[in-house]
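Residues per chain, in single letters:
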Amino acid sequence: GTVQQILDEKSSIAAERRDLRNMLRAGTDFRGIDLGSKGTDYRQRKDLSGLYLRGRNFSDSDMRRAIISGSDLLDADFTKAWLDGADFSDADMRGAKLSYARMPGAVLQRAWLMGADLTGADLTRADLTDAVLVGANLTDTDLEHADLSSVRWNSHELDADFTVDGIDRKSTRL
């Protein structure tokens, strides 16, 4: 694109981020909000990285391919949210509610999911490398083809190999 198109796009992204920050300050309830990106254009992904979203309600929201890395999501509610391909790397998600969330291909590298409720969540093909899942509820969670390399499952740090529904990962702390 032209230089002007690039500048306009950057200005638009900055304005969108300002609008999001204003909504956060106002205490907006994000239940059912559409922040998803269904296309393949990386520039269309919504960027919520590094934001304070503690305790916010994102249940039933469409946040496909959103960038939420490094955000404070302590006790946030993502129940039944669409989170396909969303990037939660380095996010603090302790106590988050992710029950029945659809998260295929999500990136949760180094995410803190201690005490999170992932009951019935779809984490197929998700990348949970180095994630902390101590005390997380994984009842009926689909982890098929997920990358569980070096995941910390509980407070005991015992290196072991394991298999869960065909997932075979080495150097995972059990």
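Parameters at a glance
Along each chain, the written sequence defines residue order, and numbers are assigned to residues from 1. Given that the model is predicted, a residue must reach a pLDDT of at least 70 before its local features are reported, and side-chain atom pairs must reach 80 or more before they are shown or counted; all residues, however, enter totals for whole chains, interfaces and linings. As a rule here, side-chain values cover all heavy atoms of the structure and leave hydrogens and water aside. Helix and strand labels come from DSSP, where a helix needs a run of H or I of at least four residues and a strand needs a run of E of at least two; each type is numbered from the N terminus. Burial classes follow relative accessibility: with a 1.4 Å probe on protein chains only, a residue under 20% of its type's maximum area counts as buried, one over 50% as exposed, and anything between as partly exposed. Whether two residues are in contact is decided by their heavy atoms, any of which lying within 4.5 Å being enough. All accessible areas in this document rest on Shrake-Rupley with a 1.4 Å probe, and a residue is counted as covered only by the protein chains that are shown. By nonpolar core is meant a set of buried Ala, Val, Leu, Ile, Met, Phe, Trp, Tyr and Cys residues that side-chain atoms within 4.5 Å join together. Throughout this description, the term salt bridge denotes a Lys or Arg side-chain nitrogen within 4 Å of a carboxyl oxygen of Asp or Glu. Ring geometry is summarised as follows: Phe, Tyr and Trp rings, the Trp one being its six-membered ring, pair when their centres sit within 6.5 Å, and such pairs are stacked at plane angles under 30 degrees, edge-to-face over 60 and tilted between the two. Confidence of the predictor in every single residue is expressed as pLDDT, which spans 0 to 100.

Secondary structure summary: the protein chain contains 1 helix and 2 strands in total. Listed N to C, the secondary structure of the protein chain is α-β-β in terms of helices and strands. Among the 174 residues that make up the protein chain, the fraction classed as buried is 42%. Put simply, of all contacts in the protein chain between residues at least 6 apart along the chain, 14% involve residues at least 24 apart. Split by element, the accessible area of the protein chain, about 8,900 Å² in all, is 47% carbon and sulfur.

Moving on to the nonpolar core. Nonpolar side chains tend toward joint burial in soluble globular proteins. The biggest cluster of nonpolar side chains holds 39 residues, and the ones touching the most others in it are Phe78, Leu83, Phe88, Met93, Leu98, Leu108 and Leu128. Contacts of Met93, omitting those with residues within four sequence positions, involve Leu73, Phe88, Leu98, Leu108, Ala111, Trp112, Leu113 and Ala116.

Further remarks concern the pattern of salt bridges. According to the stated counting rule, one finds 4 salt bridges in the structure shown. Between Asp92 and Arg94 there is a salt bridge; the shortest N-O distance is 2.6 Å. Classification of Arg94 as partly exposed rests on a relative accessible area of 31%.

Take the side chain of Ser99 next. Structurally, Ser99 can be placed in the loop between α1 (3–25) and β1 (159–164). The residues touching Ser99, leaving out its near neighbours within four places in the chain, are Thr79, Lys80, Asp117, Leu118 and Thr119.

The next subject is unusual backbone geometry. Of note, the phi angle at Asp75 is positive, near 60 degrees, even though the residue is not glycine. On the secondary structure map, Asp75 appears in the loop between α1 and β1. Overall, the relative accessible area of 40% leaves Asp75 in the partly exposed class. With a phi close to 60 degrees, His145 is a non-glycine residue in the positive phi region. Relative to the helices and strands, His145 resides in the loop between α1 and β1.

Before going further, it helps to examine the packing of aromatic side chains. Using the criterion set out here, one finds 2 aromatic pairs in the structure. Ring geometry for Phe58 versus Phe78: centroids 5.0 Å apart, planes at 5 degrees, classification stacked. Taken as a pair, Phe58 in the loop between α1 and β1 and Phe78 in the loop between α1 and β1 lie far apart in primary sequence, 20 residues in all. A ring pair is formed by Phe78 and Phe88, whose centres lie 5.7 Å apart and whose planes are at 85 degrees; its orientation type is edge-to-face.

Now for the environment of Gly120. Position of Gly120 relative to the elements: it lies in the loop between α1 and β1. The sequence separation of Gly120 and Leu98 amounts to 22 residues, and the corresponding C-alpha distance is 8.6 Å. Filtering out sequence-adjacent residues up to four positions away, Gly120 remains in contact with Tyr100, Thr139, Asp140 and Thr141.

So, about the confidence of the model for the protein chain. Here the protein chain shows a mean pLDDT of 80. Residues at 70 or above account for 67%. Mean pLDDT per element in the protein chain: strand β2 (residues 167–173) is the minimum at 41, and α1 is the maximum at 60. A low-confidence stretch, residues 157–163 stays under pLDDT 50, and its non-local contacts, those more than four residues away or across chains, total 24 contacts. This stretch, residues 165–174, has a pLDDT under 50; its non-local contacts, to residues over four places away or in other chains, come to 43 contacts.

This brings us to the environment of Met103. Examined against the element boundaries, Met103 turns out to sit in the loop between α1 and β1. Once the C-alpha coordinates of Met103 and Asp142 are considered, the two residues, 39 residues apart in sequence, prove to be 9.7 Å apart. Not counting residues within four places of it along the chain, the set of residues in contact with Met103 comprises Leu83, Asp84, Phe88, Leu98, Leu108, Asp122, Leu123, Thr124 and Ala126.

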